[in-house]
Amino acid sequence: MNTIAYKRNTAEVIERLCALYGRNARDRIFAGFEIQGKTLAEFRAAHSEGFCEYPDPRERIAFWDSLLHEHLTVDDDTVPSAYLSEFDQGLYGGLVGGDVQYMCHDNGWISSMVPPLLRDWSEFDSLKLDHNHPWFQRYNHQMNVYIEGSRDKFGISHFILIDGLNFVFELLGATNAYMSLFENPGMVRRAIDFAFDLNVLVQRTFFDTVPSFRGGTFSNMVQWIPGRIVSESVDPFHMTSVEYFETWGRANIERMFSEFDGGTLHIHGNGRHLFEAVCTLPGLKAILLGDDTGYPLAFDVLPELRRRTGDMPLIVTVPFGAFMEGLENHRLSGGVFYQVTGAPDIDAANRCMDRVRAYRE
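These notes cover the structure that comes with them. Everything numeric in this text was worked out from a predicted model, so none of it was measured. (Residues numbered from 1 in each chain as written. Predicted model: local features only at pLDDT ≥ 70, side-chain atom pairs only at ≥ 80, totals over all residues. Heavy atoms only, no water.)

**Notes on the packing of helix H5 (residues 134–150) against helix H8 (residues 185–209)**
Rules: Simply put, an axis is a line fit to the C-alpha atoms, just over the touching stretch for a helix, and the angle between two N-to-C directions goes from 0 to 180 degrees. Each helix is a run of DSSP H or I of at least 4 residues and each strand a run of E of at least 2, with the numbering of both proceeding from the N terminus. For classification purposes, angles smaller than 35 degrees are called roughly parallel, those larger than 145 roughly antiparallel, those between 65 and 115 roughly perpendicular, and all remaining angles oblique. Two helices crossing with the near one rotated counterclockwise from the far one by less than a right angle form a left-handed crossing, whereas a clockwise rotation gives a right-handed crossing. It only takes one pair of heavy atoms within 4.5 Å for two residues to be counted as in contact. Throughout, the ten residues Ala, Val, Leu, Ile, Met, Phe, Trp, Tyr, Cys and Pro are labelled nonpolar, Asp, Glu, Lys and Arg are labelled charged, and all others, Gly among them, are labelled polar.
Close contact between H5 and H8 brings their axes to 11 Å; oriented N to C, the two are set at 25°. Taken together, the axes of H5 and H8 are roughly parallel relative to one another. The two elements H5 and H8 meet at a crossing, and its hand is right-handed. In contact with Phe 136, Tyr 139, Asn 140, Met 143, Asn 144 and Ile 147 of H5, H8 contributes Leu 201, Val 202, Thr 205, Phe 206 and Thr 209. Split into classes, the residues belonging to the contact of H5 with H8 amount to 7 nonpolar, 4 polar and no charged.

Written out as structure tokens, the structure is:
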């Protein structure tokens, strides 16, 4: 793939993103604008939030096509891509016999999860990697439908890993997973090794199947980034100490990043104590900062978080009004991609982008 029909200023955006993720834009800012259109409104009108059935992949790629086309004339720093939300968690458990359940969300996603697979560790040896599993066939089928439906118009984003302690959550549930760190540490390490092989199989299949763009990876987290980049998660360590991350998380993530060309992470509001540790991960390219009830919005404490993360590229969400105020008063931290919500219209976003491109911290 060499062109993206749904992005008018592709070359400029790719150049800017290369500077950001190459850590050569510490004094510059980047922005993407969320502008509500009819596609998402129609989706919300037709779908209720909650459990649902596996959707027709052709209907889903038609949704993405319509959604991304609405953004065609927005000349921001986004790169359009569809997300395989149906496989973002449930695929991994489904491949080893889990009961995959789908959920509809008002952001247009249909995601998946599985209830705990095992009653206890005595059932672990029944897990097998099977390339011919029906779930693997479904995964390949949907990727091929998306490839055909997106061709030359937009990309297909990488999707989240469920490896390490995240996979132990899939097996036993969160409480029993945490208890197993004390009661069955040997089994936890066996499960982490099993999950590594499973995740590498899933992700290599993705990269071998989905067309890349200019040697990079489309990403719902970071838009586009050079290389074959995976999307990691340290969610289980948000509720533990840094020491638990060092003992149970670091080695697996470093191994995974080295298997590909590095990775990205997201950190929720309750995981900000992990910043200093994760920023030392070799191969980490960027961190998306999540916002959660009970914690200050990342944007509101961004100067402090920027100091703690050094020159690590960051992605943060901010309302349009707060972003404009920061732009007017020259108070926006550099080396950051701002995901701006609530822009009034496309013209306002494009006028704002003229100032974003000229901004220097």
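**Here we look at the pairing of strand E12 (residues 314–319)**
For the record, the criterion: In short, DSSP must find at least two bridges between two strands for them to pair.
Inspection of the sheet shows strand E11 (residues 284–289) paired to E12 by 2 bridges, in the parallel sense. Opposite Ile 287, over in E12, you have Leu 314 as the bridge partner. Summarising the sheet, E12 and strand E13 (residues 336–341) pair through 6 bridges and their orientation is parallel. Counterpart to Pro 319 in the pairing with E13 is Thr 341.

**Observations regarding the sheet that holds strand E4 (residues 101–104)**
On the basis of which strands lie adjacent, the open sheet formed by 3 strands has the order E2-E4-E5 and antiparallel pairing. The open sheet is flanked by strand E2 (50–52) and strand E5 (110–113), the only strands paired with a single partner. For this sheet, the mean inter-axis angle between neighbouring strands, taken without regard to orientation, is 45°. Direction of pairing for E2 relative to E4: antiparallel, over a ladder of 3 bridges. If you follow Gly 50 over to E4, its bridge partner there is Cys 104.

**Quick look at the nonpolar core**
Selection criterion: Put simply, buried Ala, Val, Leu, Ile, Met, Phe, Trp, Tyr and Cys residues joined by side-chain atoms within 4.5 Å make one nonpolar core. We call a residue buried when its accessible area falls under 20% of the maximum for its residue type, exposed when it is over 50%, and partly exposed in between, using a 1.4 Å probe and counting protein chains only.
In terms of nonpolar packing, the biggest core is built from 105 residues, with Phe 33, Phe 159, Phe 323 and Tyr 338 touching the most fellow members. For this core, the element with the highest residue contribution is H8, accounting for 13 residues. Discounting chain neighbours no more than four positions away, the residues touching Phe 323 are Ile 29, Ala 31, Phe 33, Val 318, Leu 332, Tyr 338, Val 340, Cys 352 and Val 356.

**Points about the pairing of E13**
Condition: Viewed with both strands pointing away, a crossover whose connecting path from the first strand over the helix to the second turns clockwise is right-handed.
Taken together, the 5 bridges between strand E1 (residues 29–33) and E13 define a ladder with parallel strand orientation. Bridged to Ala 31 within E13 is Tyr 338. For the segment spanning E12, helix H13 (residues 320–328) and E13, crossover handedness is right-handed.

**Description of unusual backbone geometry**
Unusually for a residue other than glycine, Arg 214 sits at a positive phi of about 50°. Mapped onto the elements of the fold, Arg 214 is located in the loop between H8 and strand E7 (216–219). Positive phi, normally seen in glycine, also occurs at His 330, with a value near 55°. By the element assignment, His 330 lies in the loop between H13 and E13. Given a relative accessible area of 44%, His 330 falls into the partly exposed group.

What is shown is where atoms sit, not what they do.
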